[in-house]
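# Architecture and fold: a report
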Amino acid sequence: AALLDELDDGASTTADDSAPAAAARPQLALPPHLAQPTPPLYSCPFCGTDSADVMGDHFLSCMHGGHKTLMHNKVVDVLNREAFRARAMPYREPTLYSNSNIRADLSIRLPGAGRDAPLVTDVAITHFACATTLQAGRIGANAAAIAYQKQHKDSKYGKPGLDPLLLFRDMRVLPCVFDSLGAPAPDAVDFINRLGRAVAQSTSTHRSVAIREIHHRVCFTIAQCSARRIVAGVAAVDDSLDRQILHRNATQTRNAATAISIDDLQADSSSEIGDLAQHQHQQEDEEGTAGDSGLSAGGGGGDSR
């Protein structure tokens with residue numbers, strides 16, 4: 001709301017007045033995640049250690065619950081279907097090296113000269129507003145995807161001493177790394193462009209149309225999975241809060257019932273003690289009356305003599 005008010009104020013001023021104001025407020029050019037704090041609200045129901053924030057950033061970064069794996073697999077499925085359309089002989093999770101158990105997500109052999117040189121990709125989706133990205137100050141359309149690729153994928157396939165298998169000699173590795181809005185790293189753009197050209201050739205469509213369709217399908221899949229992840233996270237938080245409320249109400253009810261039972265026991269014991277004291281008083285009164293009557297009777301006999 002504060003950003004919208006500032007934008008409205010800036011739009012109502014003249015061009016000469018708004019330029020210094022915009023320069024004095026550079027946070028207006030930042031995404032909302034970087035311009036406003038996101039205070040923690042509840043503990044994450046999936047990992048249990050971090051906190052779920054109001055913007056949903058933690059849900060898109062949390063590695064627990066299986067949603068990140070589901071998003072990854074759906075993006076690989078999109079690329080696999082496009083490879084079938086291109087007749088590029090896709091192969092899922094190939095073992096690439098004879099002296100390592102490193103597996104990629106997809107290998108294809110593009111029509112023509114590409115049949116002899118397999119093209120290998122490894123898919124990953126990172127969140128542009130995760131804690132590590134924000135702490136490193138990476139800001140840009142695909143800054144998070146580029147940083148993730150350099151940190152994880154390039155180091156994974158750039159280890160010295162890896163011996164490619166005979167089927168994967170002269171292969172080219174192009175990791176497909178996207179952020180949670182679908183922004184691709186440069187290698188992902190290169191892979192999609194190559195695959196799109198093959199799809200266009202095999203389906204007799206324009207090259208730009210085929211490439212754009214692949215980009216749109218990948219972005220739609222990521223957006224759909226991100227939305228489902230946030231909805232599932234919110235529902236899990238609501239369920240957790242409902243369980244906490246039910247537990248608190250049950251505890252209060254149990255404590256109230258315990259207090260009532262204790263009061264009843266105390267009241268019963270007090271009444272029993274009162275009855276017992278009253279009974280003892282009655283017995284004492286009866287004994288005293290009996291003694292007085294006996295003394296009276298004895299005194300009367302002495303006087304008669």
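Cut-offs applied
Residues numbered from 1 in each chain as written. Predicted model: local features only at pLDDT ≥ 70, side-chain atom pairs only at ≥ 80, totals over all residues. Heavy atoms only, no water. Helix = DSSP H or I, 4+ residues; strand = E, 2+ residues; numbered from the N terminus. Contact = heavy atoms within 4.5 Å. Areas by Shrake-Rupley, 256 points an atom, 1.4 Å probe, with all protein chains shown as cover. Expected span 1.5 Å × (residues − 1). Bend = angle between axes of the 7 residues up to and from the residue. Buried < 20%, exposed > 50% of the residue type's maximum accessible area, 1.4 Å probe, protein only. Pairing = 2+ DSSP bridges.

### Some thoughts on the overall build of the chain
Helix and strand counts for the chain stand at 9 helices and 8 strands. The contacts in the chain between residues at least 6 apart in sequence include a share of 58% that link residues at least 24 apart. For the chain, the accessible area works out to roughly 18100 Å², and carbon and sulfur atoms hold 55% of it.

### Topic: the side chain of Lys153
Position of Lys153 among the secondary structure elements: in helix H7 (residues 143–157). Contact partners of Lys153, with chain neighbours within four places excluded, come to Asp122, Val123, Ala124, Tyr148, Pro175 and Val177.

### What to know about H7
With 15 residues, H7 ought to run about 21 Å at 1.5 Å a step, and its terminal C-alpha atoms sit 20 Å apart, in line with that. Along H7, the largest kink reaches about 40 degrees and is centred on Gln149. Regarding H7, the residues found buried are Ala143, Ala144, Ala145, Ala147, Gln149, Lys153 and Tyr157.

### Quick notes on the side chain of Glu82
Residue position: Glu82 is located in helix H5 (residues 67–85). By relative accessible area, which is 3% here, Glu82 ends up buried.

### Focus on the pairing of strand S6 (residues 123–126)
The side-chain alternation of S6 yields two buried faces, one formed by Val123 and Ile125 and the other by Ala124 and Thr126. Across 4 bridges, S6 lies against strand S8 (residues 176–179) in parallel orientation. Directly across from Ala124, in S8, lies its bridge partner Val177.

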